[in-house]
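The chain contents come next:
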Amino acid sequence: MTHPIATFPRYMYLNFWAFFLLFLSIGLGFLPAYRYGWVAIVCQVIAVFIVLKGAVNIFHSWEDKKRKYNVLMERNKEEFRADTFSEFMAAPCGRLLVKIVLHDLGIPDRYKPMRKANRQFWACKKENFRRQNVRVYVNPKYQQSDKGVGPDSKEED
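Residues numbered from 1 in each chain as written. Predicted model: local features only at pLDDT ≥ 70, side-chain atom pairs only at ≥ 80, totals over all residues. Heavy atoms only, no water.

### Quick word on helix H3 (residues 38-60)
So, step 1. End to end, H3 covers 33 Å across 23 residues, agreeing with the expected 33 Å (1.5 Å per residue, within 8%).
So, step 2. Listed as buried for H3 are Gln44, Val48, Val51, Ala55 and Ile58. (Helix = DSSP H or I, 4+ residues; strand = E, 2+ residues; numbered from the N terminus. Expected span 1.5 Å × (residues − 1). Buried < 20%, exposed > 50% of the residue type's maximum accessible area, 1.4 Å probe, protein only.)

### A closer look at the nonpolar core
So, step 1. If you look at the biggest cluster of nonpolar residues, it comprises 18 residues, and the most contacted ones within it are Leu14, Tyr69, Phe85, Leu97, Val98, Val101 and Leu102.
So, step 2. The set of elements that each furnish at least two residues to this core consists of helix H4 (62-76), helix H5 (92-105) and helix H6 (111-117).
So, step 3. Sort the elements by how many residues they give to this core and H5 lands first, with 6 residues. (Core = buried A, V, L, I, M, F, W, Y, C linked by side-chain atoms within 4.5 Å.)

### Description of the packing of H3 against H4
So, step 1. As a packed pair, H3 and H4 sit with axes 5 Å apart at the nearest point and diverge in direction by 45°. One element, H3, and the other, H4, form an angle in the oblique class. Residue-level contacts link Ile58, Phe59 and His60 of H3 to Trp62, Glu63 and Lys65 of H4.
So, step 2. Partitioning the contact of H3 with H4 into residue classes produces 3 nonpolar, 1 polar and 2 charged. (Axes fitted to C-alpha atoms, helices over the stretch in contact; angles between N-to-C directions. Parallel < 35°, antiparallel > 145°, perpendicular 65-115°, else oblique. Contact = heavy atoms within 4.5 Å. Nonpolar A, V, L, I, M, F, W, Y, C, P; charged D, E, K, R; others polar.)

Below is the structure:
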């Protein structure tokens with residue numbers, strides 16, 4: 001018996017971001033960086049490998065997605081519990097999994113309120129970055145003179 005999530009359309013749907021990153025890395029690879037010198041080529045190759053690594057990591061998470069699908073289905077079979085979906089609503093790949101689970105449970109209309117209730121990925125990131133004020137205090141012994149800087153510098157009259 002095949003897994004209910006292991007169909008080709010669902011594989012394509014759940015790995016949308018992996019395919020997006022794969023095609024983005026191919027597109028980055030075709031940019032004509034050789035026209036701008038070897039530094040541009042090195043930057044291009046590094047960018048291609050970084051994006052490609054993200055795509056490969058998402059493709060390799062297929063078995064984990066199957067396991068998480070089973071966990072979500074088991075937890076929500078008897079009654080709908082929105083708290084079980086909260087960790088999956090933070091990232092785009094997890095939201096795709098939530099949509100499929102809700103569809104299989106027969107309650108796809110519950111997705112919109114959950115999306116509004118859970119903070120978006122970038123909103124969480126933005127909240128974690130706090131503005132900091134920097135104050136610089138200068139010790140009067142270490143004021144800059146014409147001859148040098150610091151307490152050992154002698155000023156000539």
